[in-house]
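Observations on the model geometry
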Amino acid sequence: MKMLRLRKKQHLVFLLCVWCLVVDLSKAETEEISEGGPMEKTEQAALYSTIQGFVGESWNGSYLYPDPCGWTPIQGVTCDMYDDLWYVTALSFGTVKDNSLACSDIPVIRPQLFELKHLKSLSLFSCFTSPNRYLASISDEKWLDLSKSLERLEIRSNPGLIGELPSVITNLTNLQSLVVLENQLTGPLPENLAKLTRLRRLVLSGNRFTGRIPEVYGLTGLLILDLSRNFLSGSLPLSIGGLDSLLKLDLSNNYLEGKLPRELESLKNLTLLDLRNNRFSGGLTKEIQEMTSLVELVLSNNRLAGDLTGIEWRNLKNLVVLDLSKTGLKGEIPGSILELKKLRFLGLSNNNLGGKLIPQMETEMPSLSALYVNGNNISGELEFSRKFYEKMGRRLGVWGNPNLCYNGNEIKNLSDHVPFGVNQCKRIKADKY
């Protein structure tokens with residue numbers, strides 16, 4: 001009887017120990033989930049395969065604990081919680097940031113990348129150096145797998161990235177930022193860019209894109225449009241006037257032509273307009289004076305012609321930079337230019353401007369620190385003070401005006417500040433009787 005009681009007591013103790021062990025394990029598991037949360041196995045497998053494609057097979061993530069988004073997160077990988085599970089929301093490959101994953105010599109875009117169903121941001125910086133059509137190797141279906149989640153796509157400084165920009169990218173309708181910068185992509189721009197109605201930033205500069213700029217109806221929330229440093233041609237689409245939220249428009253260093261469209265006047269919030277190094281003609285459109293928020297207006301090296309008198313310069317009171325160099329301007333510099341009180345840089349070089357250089361620039365334009373009128377037909381005497389010459393130094397460009405001279409008395413003993421390329425005025429002595 002005593003033996004039976006002893007056995008029952010031992011059995012109860014055993015059950016109690018088992019129960020305590022189960023409770024402890026359950027508690028530990030709960031604490032681990034609350035601190036980090038597990039990652040879905042298919043998500044982890046897709047992530048590891050994607051990383052290995054870019055950085056090499058030697059990477060296996062064995063040092064990560066308890067998972068890729070736990071206490072020892074992967075460089076260049078950002079995660080977020082969905083239904084108490086970790087999912088990848090951002091990937092950054094290359095050396096653009098300290099926490100990015102460095103790419104191997106021959107990276108591969110694996111299909112597993114497109115299985116990351118919560119991926120919001122993808123950045124590829126200086127990964128592709130050997131010429132290859134990497135983007136073209138991805139099927140349209142794979143790109144579409146990201147259409148519901150991807151908000152930011154950045155592909156920068158990849159000299160080996162050739163071929164065209166896939167038109168299917170215009171179906172990534174959640175994109176807010178599309179940056180394809182300084183690669184070797186060619187061919188026309190996708191026709192349906194206007195489908196990306198959520199875009200705030202569109203930067204496709206520094207490639208080898210050709211053809212016309214497509215219509216941009218619908219991109220009413222766009223803040224930055226940069227298509228500079230390509231081989232784009234044709235005229236500006238009239239729909240560009242509908243980008244009424246636009247802050248910066250840079251189309252410089254292309255082969256664009258035709259007149260500046262009147263629709264530019266609708267860009268009331270624009271602070272930067274850079275159209276330098278193109279083939280625009282037809283003079284300065286008066287509608288520019290309606291762009292009252294402009295801080296920088298750069299139209300240099302175009303075939304604009306015309307003069308400066310048709311613009312109400314006082315409307316552009318926020319201008320800090322005005323560069324109209326090498327645009328075929330004629331006539332004189334109007335006195336209304338003195339209304340630009342905030343102007344720091346004025347570039348009018350290599351035109352056909354004549355008349356005198358307005359001396360009141362020294363006093364009426366207090367912020368002016370760089371003035372270039374070299375290569376014109378400006379004549380007469382420079383009537384600036386010694387203080388002005390000291391302030392401007394070599395940032396006063398007046399050479400290449402054969403009939404221009406300076407008053408030597410104003411800058412006597414200041415040989416370092418003598419206007420470069422300009423002769424001292426000759427004084428005619430009165431006859432003695």
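Residues numbered from 1 in each chain as written. Predicted model: local features only at pLDDT ≥ 70, side-chain atom pairs only at ≥ 80, totals over all residues. Heavy atoms only, no water.

Per an unreviewed UniProt entry, the chain goes by the name Leucine-rich repeat and belongs to Arabidopsis suecica. The UniProt entry for the chain carries this comment under Subcellular location (unreviewed entry): "Cell membrane". (UniProt positions renumbered as here; feature names shortened; annotations may be inferred.)

**A few points about the state of the cysteines**
Under the definition given, this model contains three disulfides. Note that Cys69 is cross-linked by a disulfide to Cys79, the S-S spacing being 1.7 Å. Because the sign of the S-S torsion sets the handedness, a value of about -50 degrees for the bond joining Cys69 and Cys79 places this disulfide among the left-handed ones. Residue Cys69 is located in the loop between helix H2 (41-55) and strand E1 (77-82), and its partner Cys79 is located in strand E1; the two are separated by 10 residues in the primary sequence. Shown here is the disulfide that connects Cys405 with Cys425, its sulfur atoms set 2.0 Å apart. Taking the torsion about the S-S bond as the criterion, the Cys405 to Cys425 disulfide, at about 90 degrees, is right-handed. Within this pair, whereas Cys405 is found in strand E23 (residues 404-406), its partner Cys425 is found in the segment after strand E24 (423-424), the two being separated by 20 residues in sequence. For Cys405, a relative accessible area of 17% translates into the label buried. Look at Cys425 and you get buried, because its relative accessible area is 11%. (Disulfide = S-S within 2.5 Å. Helix = DSSP H or I, 4+ residues; strand = E, 2+ residues; numbered from the N terminus. Buried < 20%, exposed > 50% of the residue type's maximum accessible area, 1.4 Å probe, protein only.)

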